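# Coordinates in review
These are the residues of each chain, in order.
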Amino acid sequence: MFRYLCCNKLVIKKTVIMKTQNLNVNQLSTDAYRNYLSYLEAMDKKDVETYGKFLADDVQMWFNNEQFGIGKETILKGLDEYWQSFMSIEHDLTNIYGTDKNYVLEALNHYKRHDGKNATVKAVAFTDLNDNGKVKSVRLYMDMAPVFK
């Protein structure tokens, strides 16, 4: 069992891959936070199919100054390839600011490389949801050099 603090309530969840014990600020409602954890868990599992269920068909994604893709199918194909470039990822949440529809995550992302070495990357992700609660835009900012050097 894994415990995490959400909106001043202790919630029990059986399986959470990412670290939440370092979460200092969480401005999301309980339901939005649970949904966001499921979204991040799909990333940590590198589960393209489950991750795709969170995306709007017209979603846009940016990595730093580069557009990663426009459209759900394009982004899922790109993520499937990208996620193969490292063995695993684990999100270590530090702050979530914003509203249930527009929020930013500050985190440490712990990667295991294919050579067995570990790399930690500071990351910030801005996420916007559409009226149906699907991700319509993600802007990620992080220096991936430690993962690929």
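The numbers attached to residues start from 1 for each chain and follow its sequence in the written order. Only residues with pLDDT of at least 70 get local features here, since the model is predicted, and only at 80 or more are side-chain atom pairs given and counted; chain-wide, interface and lining totals rely on the full set of residues. The side-chain quantities take in all heavy atoms of the structure and omit both hydrogens and water.

### Quick word on the packing of aromatic side chains
Working definition: rings of Phe, Tyr and Trp (its six-membered ring) pair if their centres are within 6.5 Å, and the pair is stacked with planes under 30 degrees apart, edge-to-face with planes over 60 apart, and tilted otherwise. Using the criterion set out here, one finds 10 aromatic pairs in the structure. Each ring, one from Tyr-51 and one from Trp-83, has its centre 5.7 Å from the other, and the planes form 80°; the classification is edge-to-face. Note that Tyr-51 is positioned in helix α2 (residues 48-52) and Trp-83 in helix α3 (residues 72-83), a separation of 32 residues in sequence. Grouping aromatic residues by their ring pairs yields a cluster made of Tyr-36, Tyr-39, Tyr-51, Phe-54, Trp-83 and Tyr-103. A run of DSSP states H or I qualifies as a helix once it reaches four residues; a run of E qualifies as a strand once it reaches two. Both are numbered from the N-terminal end.

### Topic: the confidence of the model for the chain
One number per residue, pLDDT, summarises how confident the predictor is, and it ranges from 0 to 100. Summarising the model, the chain shows a mean pLDDT of 90, and 89% of its residues fall at 70 or more. In the predicted structure, residues 1-14 sits below a pLDDT of 50 and forms 38 contacts with residues beyond four places in sequence or in another chain. Note on contacts: a residue pair qualifies if any of its non-hydrogen atoms lie within 4.5 Å across the two residues.

### So, the environment of Tyr-36
Tracing the backbone through its elements, the reader meets Tyr-36 in helix α1 (residues 30-44). Here Tyr-36 falls in the buried class, since its relative accessible area comes to 2%. C-alpha of Tyr-36 to C-alpha of Phe-54: the two residues are 18 residues apart in sequence and 9.3 Å apart in space. Note on exposure labels: buried denotes an accessible area under 20% of the residue type's maximum, exposed denotes more than 50%, and partly exposed covers the range between, all computed with a 1.4 Å probe on protein chains only.

### Here's the deal with the environment of Val-121
Mapped onto the secondary structure, Val-121 falls in strand β8 (residues 118-129). Considering only alpha carbons, one finds Val-121 and Pro-146, 25 residues apart in sequence, at a separation of 7.3 Å. Beyond its immediate stretch of four places on either side in the chain, Val-121 contacts Ala-107, Leu-108, Asn-109, Tyr-111, Met-142, Asp-143, Met-144 and Val-147.

### A look at the sheet that holds strand β9 (residues 135-142)
Hydrogen bonds between backbone groups are what pair the strands of a sheet, and the pairing can be parallel or antiparallel. Paired strands are those between which DSSP finds at least two bridges. Spatially, 7 strands are ordered β3-β6-β7-β8-β9-β4-β5 in an open sheet, and the strand pairing comes out mixed. The open sheet has two free edges, formed respectively by β3 (25-26) and β5 (66-70), since each of these has just one partner strand. Sheet analysis places strand β4 (residues 55-63) next to β5, joined by 4 bridges and oriented antiparallel. Across the sheet, Gln-60 pairs through a bridge with Ile-70, a residue of β5. Only the stretch in contact is used when fitting a helix axis, every axis being a line fitted to C-alpha atoms; angles between N-to-C directions are given from 0 to 180 degrees. Contacting β3, β6 (88-98), β7 (102-112), β8 and β9, α1 crosses the sheet at an angle of about 155° to β6. Each of β4, β5 and β7 touches α3; the most contacted strand, β4, lies at about 50° to it.

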